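Take a look at the letters that make up each chain.
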Protein chains: 2
Amino acid sequence: MMDESTDNRQKIISTALNLFAKKGYDAVSTVEIAQAAGITKPTMYYYFGSKEGLLSEILNTHYNRFITDLEKAASLPEDVALTFFRLMRVYFDYALNSKDFILFKLSIFNRIGEDTTYRLSREYIDRESSVITNVFNVAASHVGNIKGKEDLCTVSFVGVTHAAIGSYFHTGDEKLLSDETIYRIRQQFLYGIYS
Amino acid sequence: MMDESTDNRQKIISTALNLFAKKGYDAVSTVEIAQAAGITKPTMYYYFGSKEGLLSEILNTHYNRFITDLEKAASLPEDVALTFFRLMRVYFDYALNSKDFILFKLSIFNRIGEDTTYRLSREYIDRESSVITNVFNVAASHVGNIKGKEDLCTVSFVGVTHAAIGSYFHTGDEKLLSDETIYRIRQQFLYGIYS
DNA sequence: CATTTTATATACCGTTTGGTATACTGCAAC
DNA sequence: GTTGCAGTATACCAAACGGTATATAAAATG
């Protein structure tokens, strides 16, 4: 076929993720994906079987990589301050370098209900959450002050991280995802706004 | 017609909001809404003109009420601790009593892109955010420590609030939205995790 | 009591949807 | 060089989509 793009499969994945992130899974049609990817519908069905299969493959590819990086960053949970920084750095790096994925992840994270995206992403979100929860559970056994506040820590961490990324996407200001910002958030997290 | 429900208009709004919250705007069809509300499609089109008009009316009804309550709670921003409590209490009360609305609001809050829900809800989200931002701006002029951290405060507040509500929806544990939880979050916010 | 208005349903429209049957093309193996 | 297979496109499908023309029945208006 002498095609210039040797990997249509990957092209479909990245194109579909981009459209899903912008418009939402249900608002994007299979023809739309095919046209944007420069192929035709049956080609997409050849690789992924169905629209849901495509979404499943997108989540599998991107979320597994993300969770792996998150676990690496969480490998020294005894040091709360260091781990806090490393974890948030992973989130922010993905927001900067895998914008479509994080945008899509953000839009499905707080969904609960019966839709396709929720059903397919549930397991990944649970795994992601448990990495964070585990960090604060281990930290609690080393840092007395945290004990009894593990859940609060998790909620605060995830909440602030998502909110910061959301602000970045709205404003486009990259300083929101700088090391400096993480230091300030961590300072506020550990010692409060009056510090 | 001797109909038992004297207000089909309201019935359509609440039914549609419930479906939108569960499955997402694009995944819900107009027939589905009509059937669930116990009416037929043309009745819905008689009241709202279009599916988008229905969504617009839903947002207008619920969001205006919510923002009004938020503004009432923010009327004494000089007292940071008190205002912090009142604001979060409004969010949590809505999560408990207007579950469908908050569920829907949560699912659209972090969307950015080209979809219908984002376009129609944008103005409300901006107004909501500015109420919070304003609180910390005024507070900063009364409490020296906050100065320069206004944006950080806003991001943290919104993030933690949403995360807590999200946890409640996932677990169903009402204690997550109790006064006690707000006190603990506020304590952590003001004095840090080591307090 | 005739007339308009409000509220509802039946039956239909063109378009788009997710998905497929079928045929073709280039390339590798035999 | 024919066979087989991975990859791709044309052309199609039934079902579902958002939306409407039209009829009708009750209630308000004169």
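Above this text is the structure in question.
This text gives an overview of the structure that appears in the document. Just so it is clear, the model here is predicted, and its values are computed rather than measured.

1. Notes on the overall build of chain A
Step number 1: Each helix and strand counted, chain A has nine helices and zero strands in total.
Step number 2: Start at the N end of chain A and walk to the C end: the helices and strands fall as α-α-α-α-α-α-α-α-α.
Step number 3: Taken along its principal axes, the extent of the C-alpha atoms in chain A is 65 × 30 × 30 Å.
Step number 4: Relative to its 195 residues, chain A shows a buried fraction of 52%.
Step number 5: Relative to all contacts within chain A whose residues are 6 or more apart in sequence, the contacts with residues 24 or more apart total 66%.
Step number 6: On chain A, the mean spot of the 21 positive side-chain charges and the mean spot of the 24 negative ones are 2 Å from each other.

2. Concerning helix α7 (residues 116–140) of chain A
Step number 1: Between its terminal C-alpha atoms α7 of chain A stretches 36 Å, which fits the 36 Å expected from 25 residues at 1.5 Å a residue.
Step number 2: Along its length, α7 of chain A reaches its greatest deviation from straightness, about 50°, at R122 of chain A.

3. With respect to the nonpolar core
Step number 1: Within the largest apolar cluster, 144 residues are counted, with the highest numbers of intra-cluster contacts made by F66 of chain A together with F66 of chain B.
Step number 2: With residues up to four places along the chain from it excluded, the contact list for F66 of chain A reads V90, Y91, Y94, F101, I102, K105 and E128 of chain A.

4. A few points about the relation of the copies chain A and chain B
Step number 1: Screw-axis analysis of chain A against chain B gives a translation of 0.0 Å along the axis, an RMSD of 0.0 Å, and a rotation angle of 180°. The operation mapping one copy onto its partner corresponds to a two-fold rotation axis.
Step number 2: When you check the interface residues of chain A against chain B, 100% turn up at the interface there too, and the contact is symmetric in its surfaces.

5. With respect to the packing of helix α4 (residues 51–73) of chain B against helix α5 (residues 80–97) of chain B
Residues and elements named next belong to chain B.
Step number 1: The N-to-C vectors of α4 and α5 enclose an angle of 160°; their axes lie 8 Å apart at closest approach. The pairing of α4 with α5 is recorded here as roughly antiparallel in orientation. The way α4 lies across α5 gives a crossing that is right-handed. Contacts from R65, F66, D69, L70 and A73 in α4 reach T83, R86, L87, V90, Y91 and Y94 in α5.
Step number 2: Of the residues contributing to the contact of α4 with α5, the split by class is seven nonpolar, one polar and three charged.

6. Section: the protein's contact with DNA strand D
Step number 1: Close to DNA strand D lie 17 residues, the nearest being N8, Y46 and Y47 of chain A together with K41 and Y45 of chain B.
Step number 2: A share of 63% of the atoms of DNA strand D within 4 Å of the protein falls on sugar and phosphate groups.
Step number 3: Contacts to DNA strand D include T43 of chain A, whose side-chain N or O atom sits 3.0 Å from a phosphate oxygen.
Step number 4: Here a base oxygen of DNA strand D sits 2.3 Å away from a polar atom, N or O, in the side chain of K41 of chain B.
Step number 5: Top contributing element to the surface near DNA strand D by residue count: helix α3 (residues 41–48) of chain A, with four residues.
Step number 6: For the surface near DNA strand D, the residue count by class is nine nonpolar, six polar and two charged.

7. Observations regarding the interface of chain A and chain B
Step number 1: Counting from both sides, the interface comprises 45 residues of chain A and, opposite them, 45 residues of chain B.
Step number 2: Buried area between chain A and chain B, both sides added, is near 4,300 Å², and the carbon and sulfur share of it is 58%.
Step number 3: Its largest share of buried area at the contact with chain B, chain A owes to N110, I193 and Y194 of chain A, together 18% of the area lost on that side.
Step number 4: E114 of chain B is paired through a salt bridge with K22 of chain A; the nearest N and O atoms lie 3.9 Å apart.
Step number 5: Here chain A and chain B share 22 residue pairs in polar contact (both at pLDDT 80 or more) between them.
Step number 6: Going through the elements one at a time, α1 (8–23), α6 (99–109), α8 (150–171) and α9 (179–191) of chain A are the ones with two or more residues in the side of chain A that touches chain B.
Step number 7: No other element matches α8 of chain A, which puts twelve residues into the side of chain A that touches chain B.

8. Let's talk about the side chain of H62 of chain A
All names here are of chain A.
Step number 1: For H62, the position within the fold is in helix α4 (residues 51–73).
Step number 2: By relative accessible area, H62 is classed as buried at 14%.
Step number 3: Contact partners of H62, with chain neighbours within four places excluded, come to I13, L17 and F101.

9. Some words on the packing of α4 of chain B against helix α7 (residues 116–140) of chain B
Residue and element names in this part refer to chain B.
Step number 1: It is the contact of α4 with α7, at a shortest axis distance of 10 Å, that shows an interaxial angle of 5°. Compared by their axis directions, α4 and α7 come out roughly parallel. Judged by residue contacts, E52, L55, S56, L59, N60, Y63, N64, F66, I67, L70 and E71 of α4 engage T116, T117, R119, L120, S121, Y124, I125, R127, E128 and V131 from α7.
Step number 2: Grouping the amino acids of the contact of α4 with α7 by side-chain chemistry returns ten nonpolar, six polar and five charged.

10. Remarks on the pattern of salt bridges
Step number 1: Scanning the model with the defined rule gives 18 salt bridges over all chains in all.
Step number 2: Residue D115 of chain A is joined to R111 of chain A by a salt bridge in which the shortest nitrogen-to-oxygen separation is 3.5 Å. The pair D115 of chain A / R111 of chain A is uniform in exposure class, with both members buried.
Step number 3: Ionic pairing is found between K23 of chain B and E32 of chain B, a salt bridge with its closest N-O pair at 2.6 Å.

11. Focus: helix α1 (residues 8–23) of chain B
Spacing of three or four residues puts side chains on the same side of an α-helix, whose turn is 3.6 residues.
Step number 1: An ideal rise of 1.5 Å per residue puts 22 Å on 16 residues; α1 of chain B measures up with 22 Å between its terminal C-alpha atoms.
Step number 2: Structurally, α1 of chain B contributes buried residues whose contacts are with α2 (30–37), α3 (41–48), α4 and α6 (99–109) of chain B.

Cut-offs used in this document
- Just so you know, the residues in each chain are numbered from 1, in the order the chain's sequence is written.
- Written order decides the labels, with chains lettered from A and ligands numbered from 1.
- Local features are withheld for residues below a pLDDT of 70 in this predicted model, meaning they are given only at 70 or higher, and side-chain atom pairs are given and counted only at 80 or more; totals for whole chains, interfaces and linings count all residues.
- Based on all heavy atoms of the structure, the side-chain values leave hydrogens and waters out of the count.
- For helices the rule is a DSSP run of H or I covering at least 4 residues; for strands it is a run of E covering at least 2, with both sets numbered from the N terminus onward.
- Each residue gets one of three labels from its accessible area relative to the maximum for its type: buried under 20%, exposed over 50%, partly exposed in between, using a 1.4 Å probe on protein chains only.
- Should any heavy atoms of two residues lie within 4.5 Å, those residues are considered in contact.
- Charged residues are defined here as Lys and Arg on the positive side and Asp and Glu on the negative side; His and the ends of the chain fall outside this count.
- Throughout, a charge is located at the NZ atom of Lys, the CZ atom of Arg, the CG atom of Asp or the CD atom of Glu.
- Helix span, as expected, comes to 1.5 Å for every residue beyond the first.
- Working definition for bend: take the seven residues up to and ending at a residue and the seven starting at it, fit an axis to each, and measure the angle between the axes.
- Side-chain atoms within 4.5 Å are what join buried Ala, Val, Leu, Ile, Met, Phe, Trp, Tyr and Cys residues into a set we call a nonpolar core.
- Least squares is used to superpose the copies, and the fit set is the C-alpha atoms of residues whose pLDDT is at least 70 in both copies.
- Axis angles are defined between N-to-C directions and span 0 to 180 degrees, where every axis is a line fitted to C-alpha atoms and, for a helix, only to the segment in contact.
- Note on terminology: angles under 35 degrees are roughly parallel, angles over 145 are roughly antiparallel, angles of 65 to 115 are roughly perpendicular, and the others are oblique.
- Left-handed describes a crossing in which the near helix is turned anticlockwise from the far one by less than a right angle; the clockwise case is right-handed.
- In this classification, Asp, Glu, Lys and Arg are treated as charged, Ala, Val, Leu, Ile, Met, Phe, Trp, Tyr, Cys and Pro as nonpolar, and every other residue, Gly included, as polar.
- In these notes, residues near a molecule or strand are those with any non-hydrogen atom within 4 Å of it.
- In protein, a polar contact requires one atom able to donate a hydrogen and another able to accept it; more generally it is a pair of N or O atoms within 3.5 Å, and residues adjacent in sequence count only if both atoms are side-chain atoms.
- Here the quantity called buried area is the accessible surface, traced with a 1.4 Å probe, that two parts lose on coming together, added over both.
- Each reported salt bridge corresponds to a side-chain nitrogen of Lys or Arg within 4 Å of a carboxyl oxygen of Asp or Glu.

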